[in-house]
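Okay, here's what each chain looks like letter by letter:
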Amino acid sequence: MIKFRKSIIVLITLMVHVLPSLGQNNESSGEGFSDPTRYVTRSTMYGVGFTNVFDTYLSPQEYKGIDFRISRETMRMTKLFDGNVSVQNFFQADLGYTHNRADNNNAFSGLVNWNYGLHYQFRLTDNFKLLAGGLFDLNGGFVYNLRNGNNPASAHAYVNLDASGMAIWHLKIKRYPIVLRYQVNLPVIGLMFSPHYGQSYYEIFSLGNASGVVRFTSIHNQPSLRQMLSVDLPIGDTKMRFSYLADLQQSNVNKIKTHTYSHVFMVGFVKNLFRVSNKQAMSLPPAVQAY
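Residues numbered from 1 in each chain as written. Predicted model: local features only at pLDDT ≥ 70, side-chain atom pairs only at ≥ 80, totals over all residues. Heavy atoms only, no water.

A. Representation of unusual backbone geometry. For D103, which is not glycine, the phi dihedral falls at a positive 60°. Relative to the helices and strands, D103 is located in the loop between β3 (85–99) and β4 (106–123). Of the residues examined, D103 reaches a relative accessible area of 56% and is grouped as exposed. The backbone of N254 shows a phi angle near 55°, a positive value even though the residue is not glycine. (Helix = DSSP H or I, 4+ residues; strand = E, 2+ residues; numbered from the N terminus. Buried < 20%, exposed > 50% of the residue type's maximum accessible area, 1.4 Å probe, protein only.)

B. How the structure looks around the environment of V270. Mapping V270 onto the fold places it in strand β11 (residues 256–274). Expressed as a C-alpha distance, the spacing of V270 and M45, which sit 225 residues apart in the sequence, is 8.8 Å. When residues no more than four places from it in sequence are discounted, the contact partners of V270 are T41, R42, S43, D232, K239 and R241. (Contact = heavy atoms within 4.5 Å.)

C. Quick look at the layout of surface pockets. In this model, the largest pocket occupies a volume close to 580 Å³. Around the largest pocket, the lining comprises 28 residues; the ones closest to its centre are T41, K129, I168, H170 and N272. When contributions to the lining of the largest pocket are tallied by element, the ones reaching two or more residues are β1 (39–55), β2 (62–77), β6 (153–173), β7 (176–193), β9 (225–235), β10 (238–253) and β11. Among the residues making up the lining of the largest pocket, the classes are represented as 13 nonpolar, 7 polar and 8 charged. (1 Å grid on protein atoms, 1.4 Å probe; cavity = no way out; pocket = protein on both sides within 12 Å on 5 of 7 lines; lining within 4 Å. Points joined across faces, edges and corners; volume = space filled by probe spheres on them. Nonpolar A, V, L, I, M, F, W, Y, C, P; charged D, E, K, R; others polar.)

Keep in mind these values describe shape, not function.
Right, here's the structure in full:
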């Protein structure tokens, strides 16, 4: 019992004396709790919606069905341009199950997308701001036709530099805080892998007939768009995010036309985190660390 009381006294002493001094030292060095670059907004979302898939490499028909999607996003401020630039890291993956109009064939489709970019923030008021910038946009996926024999699958791989814009509005309805956001990403220039029409993947990868399978893309042959509208609502001690995503991808490369039009409703959770550097974490006494 005496040892237990001594442990409690030691723990309280550490919390009272060590932690406040640590925070003061960090603030004085510009890397402490007052540093806005340490604050991270992170969200994880799950969604379901409608998708329309078209790929003339596999079939001249459109396939329509259901889309399942998961996404993870982080945003934080940087020190660039006097602290007016934010960085966004956005990852999403989806899986679609579709059928043709005659309902005699089905297909699976999937795509993994990763965006990383910077936005300059124009703070028009204390509660409303516009963001403009660019994103690195990496995509990889497939379409698999269940009834095709020779060419049952089509691979999708492309990378773009996107122009990106956002509008973020913090408001209150009878003291109830709400955050609204609209974001649009437009691919401007990029590269895409695509076989020629009628060319098999065996010819490309086994026989080495790979001439012209990587093509330059822009708005003229890849007019695509991603739009997202979201609302953040505090519910109890939790902040939830509800969003609508319009993911409109299309291309016309090497005489192969493709499109994937997805409209997805998503719901998830938002967390506000504070980043601590390894040096700061190491300076904490082991008695107050969870690990």
